[in-house]
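Examination of the molecular architecture
Chain by chain, the residues:
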Amino acid sequence: MSAVLPRQPARRDPAWARRVFWLLAAGAVLWPMLVLAEFKPWLLLAPESLEPTLRFLAGFVPPRLDGEFLALVARETWRTVAIATAGLTLALLLALPLTLLAVRSLSISGLTGRMAALPAALRLAVRALLVVLRSVPELVWALVFVRVVGLGATAGVLAIALTYAGMLGKVYAEILESGEAHPTETLLRNGAGRLQAFFYGSLPQNAGELTSYTVYRWECAIRSSAVLGFVGAGGLGQQMDSSMKMFNGGEVSTMLLVFVLLVAATDRLSAWLRRTLA
Amino acid sequence: MPRITPRPAANEVYRLPPPLFDARCRACWMVAGVLVLVVLSFWSLDLQWGRFLSLESLGRMARFAAEVATPALDAAFLRKLLPAALETMAMSVVGTLLAVVAGLLLALPASKLHEGDPARWRGPTRLLLNALRSVPELMWAALLLIAAGLGPLAGTLALAAHTSGVLGRLFAECIENAAQGPAFALRVRGVPEGRVLLYATLPQALPQLVSYALYRWENNIRAAAVLGVVGAGGLGQMLAFHLSLFQMAETGSVLAAMIVLVGLVDAASYAARRALAR
């Protein structure tokens, strides 16, 4: 027995060589990445960058809380919410027809098993349009629209409308297709129109999920409408950008605080709404 | 005082049509609230539809679209585009890795490791994680520009700051949800807390942690692509530059590079997930 078993268990990690190899390989990949990202954190501690930073941070306390400024912040916060809401409403109006065109289960020729050539091509085109709409980031849309319609809320609303139409259209189509197909199919087979089949077959069973996703997107839209302000699309972001450019720490800290509270509040509201809908 | 007996309804209750707007109908109030919000949003924003839908701006957008569709592909431009794309990629990788480290370090105090753990730091750390998370990457980048100067370092740190908030919270959930058995077995034998973590808790949570990290990497490449718009390096900086000069052909190439990068990262992350699941 003692001849079969090793006298002592292996002292060394048996996978030692493999581990060292992968560690070295990861290091070899990571090193150029660190160089490319100009990752030199010690630059943060250099006196010429540390001093303005500390001065800016010192300005954070106390936050600016006089009535005039708070009124301005309240107005801009409302604009941020309004841009998100208006953008999402337009996105919804844009996404609904696209969804109806893109959903496979509402196809009459698809009932035979294969869709006819023309509807299939149309569906493909609508899906491609949705991909294009959402693969261009909203910030890029906003930059383009700021150049077309000028600085202000219009660019933000349009940017959110286009990107979110792409996202909503895609997810709506997925939700409708993943639902129970039977009622819709039965309606279509018995001579109902596509809209009738949608309203009486697909919509009732999926309404909760569709609404809940829309509410979630509204929450995302509020965050992104604040970000869009940084390229001049109005709202809290634009105000924050100009305060940062003037190194006004007190104003920045007030607005950051308001923004964090706004995000937390919409987070709560949307969680509550989605719980109620479920 | 005579008791008032309810008189029977003329027809049975279930035959009565439901009232159109019932004070107790929650859905009605919600719909009314949403409608009011939407109307107020459109009413309070000074949207310039006239300017957007004018022939001039529509023509301008059509010209933009035509130019974007014919991207610039000359060698001199591609030689500038490639480093910017690599820089964006490096920002996303380094930012995500930093966030994994910081997220893990913050997740430990943010989680209640076992029944008897007082977890004194749980509340404050979670508050910090929420604050990190609720400020978007672009805002972090604009803030960090003051400390880190123009360039990819600010972008990398911005990605790391936001993502460590997100990952810290997700990691903490993972650690708390890991099965308690193995950790308990080690703990009753007097194994110190650090080793319990390394040998019992982390190995269980690891697949989930890696999957979250990959998911955030996919998000971060999208964010890294546009962070440059505020001056934080990478493709976004090129995009903002060419867009401000109305060089739409170059803008088209930058956009194409962004989409290719996002596709590459999605594919790599999908492959990594597949390899890990095997």
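All values derive from a computational prediction rather than experimental measurement. (Residues numbered from 1 in each chain as written. Chains lettered and ligands numbered in written order. Predicted model: local features only at pLDDT ≥ 70, side-chain atom pairs only at ≥ 80, totals over all residues.)

**Here we look at the overall build of chain A**
Each helix and strand counted, chain A has ten helices and zero strands in total. Mapped in sequence order, the helices and strands of chain A form the string α-α-α-α-α-α-α-α-α-α. Across its three principal directions, the C-alpha atoms of chain A cover 90 × 75 × 40 Å. Within chain A, the fraction of its 278 residues that count as buried is 35%. Nonlocal contacts in chain A, meaning residues at least 24 apart in sequence, comprise 75% of its contacts between residues at least 6 apart. (Helix = DSSP H or I, 4+ residues; strand = E, 2+ residues; numbered from the N terminus. Buried ≥ 20, exposed ≤ 12 C-beta atoms within 10 Å, placed from the backbone. Contact = placed C-beta atoms within 7 Å.)

**With respect to the overall build of chain B**
Helix and strand counts for chain B come out as eleven helices and zero strands. In terms of C-alpha radius of gyration, chain B reaches 28 Å, well past the compact-globule figure of 19 Å for 278 residues. Based on the C-alpha atoms only, the size of chain B along its principal axes is roughly 95 × 75 × 40 Å. Burial statistics for chain B: of 278 residues in total, 37% are counted as buried. Expressed as a percentage of contacts within chain B between residues at least 6 apart in sequence, the contacts between residues at least 24 apart total 72%. (Rg over C-alpha atoms; globule rule 2.2 N^0.38 Å.)

**Some thoughts on the interface of chain B and chain A**
Bring the parts together and some accessible area is lost; that lost area is often taken as the interface size. Taken together, the contact pairs 47 residues of chain B with 45 residues of chain A. Top element by residues in the side of chain B that touches chain A is helix 6 (residues 137-148) of chain B. It accounts for seven residues. Partitioned by chemical class, the residues of the side of chain B that touches chain A number 34 nonpolar, eight polar and five charged. (Nonpolar A, V, L, I, M, F, W, Y, C, P; charged D, E, K, R; others polar.)

**Focus: the packing of helix 6 of chain B against helix 7 (residues 152-177) of chain B**
All names here are of chain B. Helix 7 packs onto helix 6 with a crossing angle of 135° between their chain directions and a minimal axis gap of 8 Å. Classed by the angle they form, the pair helix 6 and helix 7 counts as oblique. For the pair helix 6 and helix 7, the crossing hand works out as right-handed. In this structure, helix 6 contributes Glu 137, Trp 140, Ala 141, Leu 144, Leu 145 and Ala 148 to the contact, and helix 7 contributes Leu 153, Ala 154, Gly 155, Leu 157, Ala 158, Leu 159, Ala 161 and His 162. Of the residues that constitute the contact of helix 6 with helix 7, the class distribution is eleven nonpolar, two polar and one charged. (Axes fitted to C-alpha atoms, helices over the stretch in contact; angles between N-to-C directions. Parallel < 35°, antiparallel > 145°, perpendicular 65-115°, else oblique. Left-handed = near helix turned anticlockwise from the far one by under 90°.)

**Overview of the nonpolar core**
The biggest cluster of nonpolar side chains holds 129 residues, and the ones touching the most others in it are A:Ala142, A:Leu143, A:Ala159, A:Ile160, B:Ala141, B:Ala158 and B:Leu227. Ranked by residue count, the leading element in this core is helix 6 (residues 153-178) of chain A, at 15 residues. Not counting residues within four places of it along the chain, the set of residues in contact with B:Ala141 comprises B:Ala154, B:Gly155, B:Ala158, B:Leu227, B:Val230 and B:Ala232. (Core = buried A, V, L, I, M, F, W, Y, C linked by C-beta atoms within 7 Å.)

**Some details on unusual backbone geometry**
All names here are of chain A. A cis amide bond links Val 61 to the next residue, Pro 62, at an omega of -5°. Within the element layout of this structure, Pro 62 appears in the loop between helix 2 (47-58) and helix 3 (67-102). Backbone geometry at Phe 247 places phi at a positive 55°, although glycine is not the residue there. As for its position among the elements, Phe 247 is in the loop between helix 9 (236-245) and helix 10 (249-277). Owing to 13 C-beta atoms within 10 Å, Phe 247 belongs among the partly exposed residues under this scheme.

**Section: helix 10 (residues 235-244) of chain B**
Most of helix 10 of chain B sits out of view: seven of its ten residues are buried. Within the span of helix 10 of chain B, buried status applies to B:Leu235, B:Gly236, B:Gln237, B:Met238, B:Leu239, B:Ala240 and B:Leu243. Considering only its buried residues, helix 10 of chain B is in contact with helix 5 (138-149) of chain A together with helix 4 (75-107), helix 9 (193-227) and helix 11 (248-277) of chain B. Phi turns positive, to about 60°, at B:Phe246, one or two residues after helix 10 of chain B.

**Observations concerning helix 9 of chain B**
In this model, helix 9 of chain B (35 residues) spans only 40 Å end to end at C-alpha, well below the 51 Å of a helix rising 1.5 Å per residue. The largest bend in helix 9 of chain B comes to about 55°, at B:Leu202, with the proline B:Pro203 one to four residues further on. (Expected span 1.5 Å × (residues − 1). Bend = angle between axes of the 7 residues up to and from the residue.)

**Notes on the packing of helix 1 (residues 16-36) of chain A against helix 4 of chain B**
It is at 8 Å that the axes of helix 1 of chain A and helix 4 of chain B come closest, and there the two elements cross at 110°. For the element pair helix 1 of chain A / helix 4 of chain B, the angle class is roughly perpendicular. Between helix 1 of chain A and helix 4 of chain B lies a crossing of left-handed hand. Only B:Leu86, B:Glu87, B:Ala90, B:Val93 and B:Val94 of helix 4 of chain B make contact with helix 1 of chain A, whose side of the interface consists of A:Met33, A:Leu34 and A:Leu36.

**Thoughts on the confidence of the model for chain B**
Residues and elements named next belong to chain B. Within chain B, residue pLDDT values average 88, and 94% of them lie at 70 or more. Element-level pLDDT for chain B is lowest in helix 2 (residues 49-53), with a mean of 81, against a maximum mean of 94 in helix 7. Here the complex is predicted with pTM 0.85, and the ipTM for its interfaces comes to 0.83. (pLDDT = per-residue confidence, 0-100.)

**Considerations on the environment of B:Thr156**
Here B:Thr156 shows up in helix 7. For B:Thr156, a count of 36 C-beta atoms within 10 Å translates into the label buried. C-alpha of B:Thr156 to C-alpha of B:Met91: the two residues are 65 residues apart in sequence and 5.0 Å apart in space. Leaving out residues up to four positions away in the same chain, B:Thr156 has contacts with A:Ala37, A:Phe39, B:Met91, B:Val94 and B:Gly95.

**A few points about the environment of A:Thr53**
Examined against the element boundaries, A:Thr53 turns out to sit in helix 2. It is 13 Å that separates the C-alpha atoms of A:Thr53 and A:Met246, two residues lying 193 residues apart in sequence. Those residues in contact with A:Thr53, other than ones at most four positions away along the chain, are B:Ile146 and B:Ala147.

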